Amino acid sequence: MIKFFILLIILLFNYKFAISRNAGETEITTEDGIEVFQEDKYYLLKKNVEILSDEFNLTGQLVKIFFEKDLYDVKELIANDSVNFLSEEYNIRGKGEELRFNIKDQKIIVNGVNSELFLEKTKMLSDGEISVDNIKGGFFIQGSNSKLLSDNIYISGSKINGEFEIIDGKRNIANLVVEDDKKLNIKTDGIIMYAKKAIYDKKNSIIELFENVQIERGSEIITGDYGILNTKNKSYKVSSKNSNKVKAIITNTNE
Amino acid sequence: MNFLLTFNKTTLLISSFFIISIICFFISFTYIQAKKIADIEISINNKTADISKPKFSINSNKQKISVTANEGNFLTENEIMLEKNVIFKSDKFKIYSDNVLFNKKSLIASSKNKSKFVSDKTSIDSNGFDIIENGNIINFKGKTKLILK
């Protein structure tokens, strides 16, 4: 009798898996139907849409899926309204008001307020647009409240353009160009930087800062027109077109 | 003395037999009555269809969809209720359903019954469908499941 109940419990717990999709299949469910546009070659999925596949899972309220010649040959999807995306295969998860995913090219674009995209430990946030080219390794964040956060770096600016390189199967930031009409902000290893434009070159281990530059470390604040920081030894230099313009403020915190 | 032991066994047995017999009689009576009503309803519904094995087609520049069913009944001059084993078939897909309202003038088909769409490596299960624009747009209604293989 006890064995029977144990078997029954096991069956109940595995019921969902027993009726779920097979490997290689994509299962799409909706609450309010699917429209198939044969000439325009897309599906329109309506209300509480859930997509489950080997590569990714997605939920949203309105989803357009574009196919190529055949109905099963899906190339791109555009999901709207409370979109959540998770891909264990590509190690990417994200959410936003609108998400575009080109399945063939592995390009992801998230649009709208409070957009988020996580690539392993790198977090991208924006109220505008976040785009990632997973094959080429490029990414672009633009709009207000755009931020890039990783293990030991915080970057905010209205335009963040960068590239990843794969080392030991993990993505690492290789190059970065950050711009902001007002002031961008970079925080790393106890150094805070402000400027209108910053360029990070991993190969040469330098961060260059342009216009309205301000570098802060502890009680030391240095301002100027141009700054360069060596990310290996943490040394930095600030200069100005006008030699009188460089300004250093050192506050004695022991006073 | 226990109250139950005061009953006469024979009386108890006979009473039980009668009670069970009455219950069985009522159950049988109710069942027979229900069956008679069902038989009457079936005989009423079993009228001859307007068209037997109707066949239509929806033609466009890009595809031809043939429509077949076991029975068809005219609702109006142009509207036909296709019933039993209704199949929409084109080069690319088939749609199966049991009740489909088909307008032979506008070539619009509509169903509120469970429907199954089958194509190469693709299947759709829904609670009805509309075929509009000569088959260019198929709208699967209600809770719908799409499987891509």
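Conventions and cut-offs
- Residues numbered from 1 in each chain as written.
- Chains lettered and ligands numbered in written order.
- Predicted model: local features only at pLDDT ≥ 70, side-chain atom pairs only at ≥ 80, totals over all residues.
- Heavy atoms only, no water.
- Core = buried A, V, L, I, M, F, W, Y, C linked by side-chain atoms within 4.5 Å.
- Buried < 20%, exposed > 50% of the residue type's maximum accessible area, 1.4 Å probe, protein only.
- Contact = heavy atoms within 4.5 Å.
- Domains from an automatic or database assignment.
- Phe/Tyr/Trp six-rings, centres within 6.5 Å; stacked < 30°, edge-to-face > 60°.
- Lys NZ or Arg CZ within 6 Å of the ring centre and 35° of its normal.
- Buried area = accessible area lost by both parts, 1.4 Å probe.
- Salt bridge = Lys/Arg side-chain N within 4 Å of Asp/Glu carboxyl O.
- Helix = DSSP H or I, 4+ residues; strand = E, 2+ residues; numbered from the N terminus.
- Nonpolar A, V, L, I, M, F, W, Y, C, P; charged D, E, K, R; others polar.
- Pairing = 2+ DSSP bridges.
- pLDDT = per-residue confidence, 0-100.
- Polar contact = N/O pair within 3.5 Å; in protein donor to acceptor, adjacent residues only side chain to side chain.

A. Highlighting the nonpolar core. Tyr-43, Ile-51, Leu-58 and Met-124 of chain A together with Phe-88 of chain B are the most contacted members of the largest nonpolar core, which totals 76 residues. If sequence neighbours within four positions are ignored, Met-124 of chain A has contacts with Ser-115, Glu-116, Leu-117, Leu-119, Ile-130, Val-132, Phe-139, Ile-141, Lys-147, Leu-148 and Phe-164 of chain A. Among the nonpolar cores identified, the runner-up in size contains 6 residues, and Phe-37, Tyr-42, Phe-66 and Ile-78 of chain A belong to it.

B. Looking closely at the domain arrangement of chain B. As assigned here, chain B comprises domain 1 (8-45) and domain 2 (51-148). For domain 1 of chain B versus domain 2 of chain B, the separation of C-alpha centres amounts to 46 Å.

C. Representation of the packing of aromatic side chains. Residues and elements named next belong to chain A. Throughout the structure, instances matching the rule amount to 16 aromatic pairs over all chains. Put simply, the rings of Phe-56, Phe-85, Tyr-90 and Phe-101 touch in pairs and so form one group of aromatic residues. Residue placement shows Arg-93 over the ring face of Phe-118; its charged tip is 4.0 Å from the ring centre. Directly above the aromatic system of Tyr-154 lies the positively charged group of Lys-187, at a separation of 4.8 Å from the ring centroid.

D. Spotlight on the interface of chain B and chain A. Across the contact, 25 residues belong to chain B and 21 residues belong to chain A. Counting the surface chain B buries against chain A, the share from its top three residues, Asn-136, Leu-146 and Leu-148 of chain B, is 29%. On inspection of chain B and its partner chain A, the count reaches 0 salt bridges. Considering every element that reaches the side of chain B that touches chain A, the biggest residue donor is strand 12 (residues 144-148) of chain B, with 5 residues. In terms of residue class, the side of chain B that touches chain A is made up of 9 nonpolar, 8 polar and 8 charged.

E. Spatial organisation of the pairing of strand 19 (residues 236-239) of chain A. Residues and elements named next belong to chain A. The alternating pattern of strand 19 places Tyr-236 and Val-238 on a buried face, while none of Lys-237 and Ser-239, on the opposite face, is buried. Of the pairings in the sheet, the one linking strand 18 (residues 220-230) to strand 19 comprises 4 bridges and is antiparallel in character. Each residue of the ladder has a partner; that of Leu-229, found in strand 19, is Tyr-236. Hairpin remark: strand 18 followed by strand 19, antiparallel, with 5 residues in the connecting loop; positive phi at Lys-234, about 60°.

F. Up close: the confidence of the model for chain B. Residues and elements named next belong to chain B. Looking at chain B, the pLDDT average stands at 87 and 88% of residues meet or exceed 70. Here residues 40-44 is modelled with pLDDT under 50, and outside its nearest four sequence neighbours on either side it reaches 0 contacts, counting other chains as well. Reported for the predicted complex are a pTM of 0.78 and an ipTM of 0.80.

G. Main features of the domain arrangement of chain A. Residue and element names in this part refer to chain A. Split by domain assignment, chain A resolves into domain 1 (1-106) and domain 2 (112-255). On the side of domain 2, 14 residues touch domain 1, which itself brings 11 residues to the contact. For the pairing of domain 1 and domain 2, the buried interface totals around 1,100 Å² over both sides, and the portion due to carbon and sulfur atoms is 47%. A per-residue breakdown of the area domain 1 buries against domain 2 is headed by Arg-93, Lys-95 and Gln-106, which together make up 43% of the total. At the junction of domain 1 and domain 2, the tally comes to 0 salt bridges. Our count for the domain 1 to domain 2 interface comes out at 5 residue pairs in polar contact (both at pLDDT 80 or more). Here the side of domain 1 that touches domain 2 is composed, by residue class, of 2 nonpolar, 4 polar and 5 charged.

H. Representation of the pattern of salt bridges in the model. Residues and elements named next belong to chain A. Scanning all chains against the criterion turns up 10 salt bridges over all chains. With a closest N to O distance of 3.1 Å, Lys-104 and Asp-73 form a salt bridge. Residue Lys-104 is located in the loop between strand 6 (92-102) and strand 7 (107-111), and its partner Asp-73 is located in the loop between strand 4 (57-67) and strand 5 (74-87); the two are separated by 31 residues in the primary sequence. On the basis of relative accessible area, Asp-73 is assigned to the partly exposed category, the value being 23%. In this structure, the salt-bridge partner of Glu-98 is Arg-100, at a minimum N-O distance of 3.3 Å. One network of salt bridges, with partners in common, ties together Glu-68, Asp-73 and Lys-104.

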